[in-house]
Amino acid sequence: MILVTGATGNVGRELVSRLDAAGAAVRVLVRDPVRAAALPGGAERFTGDLLSPESLAGAAAGADRMFLLTPGIGTEAAGLAVSAAKAAGVRHIVFLSSTNVLGDPMPKMGRWHHAREEIVRASGIPSTILRPGGFMTNALDWLPTIREANYVLDPVGPGRAAPIDPADIAAVAALVLTTGGHEGKVYELTGAELFTVAEQAAVISATIGRTITARPVGTPEEAVAARFPNGAPPALAEAVVEGFRLMREDTEGYRTGTVEELLGRGPATFADWCARHAGVFRAAADA
């Protein structure tokens, strides 16, 4: 039995679908049964919360392996989940972290992820750490400004990054959860292409046949709005501003070949991902 947390998120949905299609026994821990209704019917549902020890104990009972994704900025959920896994006899944890831990010095966002990694390691349960870079699905955060006037806010200027399709993260997670030899490993996952925000906007433009421009962000407040249109807690807002500053300074970008090494194929391109979401972007541009 594989317990999947974060099952209705960008990575979790893809992971559950892959595991279910492969015939694996899957249980999902979800807060919202309505959102979970879209998951494959073969997945066992357990309604609860990562901050509830009772929920975690029930969800982990009988599980052999766990895919652990803890949102937010603290470590409480990671600690509770790992404790539940240990009590239930889980034999392998696959933990979703971030390439933010690679910063030197480590940024605020990286320190939160690193602290969670250390909780997993300290448990004594064999683990595999997945450290993806920025998700391609972050481009969906641009829909409000595309809808407003066909532009995206650009907080990083000349900075480059290699965004990854969450489906590729899920493919790696599925492999790690269903095959041996990954215990104790750390896998850093990125896409194969390096982009500025303006270059990503150009790919969207070419995909939907509409002109989408990139507008520079001038203030920290605008930078936070670019990533969290509905606002963010102060500590998270500070970390986001710091992250954008570091990204702006990184004009070379960071990418790995790990996805191809593990899966035997290259990661999805941003154009591939945009083609699959063309209807959403086109509808926003035409609104």
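Residues numbered from 1 in each chain as written. Predicted model: local features only at pLDDT ≥ 70, side-chain atom pairs only at ≥ 80, totals over all residues. Heavy atoms only, no water.

Draft legend 1. Broad picture of the overall build of the chain. Across its full length, the chain holds 13 helices and nine strands. Summarising its shape, the C-alpha atoms of the chain cover approximately 50 × 40 × 35 Å along the three principal directions. Taken across its 287 residues, the chain has 46% of its residues classed as buried. The long-range fraction of contacts in the chain, counting pairs at least 24 apart against all pairs at least 6 apart in sequence, stands at 75%. Accessible area of the chain: about 12,600 Å², with a carbon and sulfur share of 53%. Taking the 26 positively charged and 31 negatively charged side chains of the chain as two groups, their mean positions are separated by 3 Å. (Helix = DSSP H or I, 4+ residues; strand = E, 2+ residues; numbered from the N terminus. Buried < 20%, exposed > 50% of the residue type's maximum accessible area, 1.4 Å probe, protein only. Contact = heavy atoms within 4.5 Å. Areas by Shrake-Rupley, 256 points an atom, 1.4 Å probe, with all protein chains shown as cover. Lys, Arg positive; Asp, Glu negative; His and termini not counted. Charge placed at Lys NZ, Arg CZ, Asp CG, Glu CD.)

Draft legend 2. Representation of the packing of helix α5 (residues 108-122) against helix α10 (residues 234-249) within the structure. The N-to-C vectors of α5 and α10 enclose an angle of 115°; their axes lie 8 Å apart at closest approach. Contact residues: α5 offers K108, M109 and W112, while α10 offers A235, L236, E238, A239, V240 and E242. Here the contact of α5 with α10 is built from residues that sort into six nonpolar, no polar and three charged. (Axes fitted to C-alpha atoms, helices over the stretch in contact; angles between N-to-C directions. Nonpolar A, V, L, I, M, F, W, Y, C, P; charged D, E, K, R; others polar.)

Draft legend 3. View of helix α13 (residues 278-285). Of the residues making up α13, those classed as buried are A278, F281, A284 and A285. Take α13 and look down its axis: the buried residues cluster within an arc of 135°, on one side only. Here the buried face of α13 lies against α6 (143-149), α8 (197-208) and α12 (270-276). (Arc of directions from axis to C-beta.)

Draft legend 4. Looking closely at the nonpolar core. Ranked by internal contacts, the top residues of the largest apolar core, which has 31 residues, are I146, I204, I212, F270 and F281. Counting only elements with at least two residues in this core, the list comes to α6, β7 (151-154), α8, α9 (220-227), α10, α12 and α13. F270 has contacts with M136, A139, E193, F195, Q200, V203 and I204, leaving out every residue within four places of it along the chain. Judged by nonpolar contacts, the second largest core, of 28 residues, contains L39, V94, L130 and I169. (Core = buried A, V, L, I, M, F, W, Y, C linked by side-chain atoms within 4.5 Å.)

Draft legend 5. Just α9, in detail. Inspection of α9 places A223, V224 and A226 among the buried residues, and these make up the whole buried set. In an axial view of α9, the angular spread of the buried residues amounts to 155°, which keeps them on one side of the axis.

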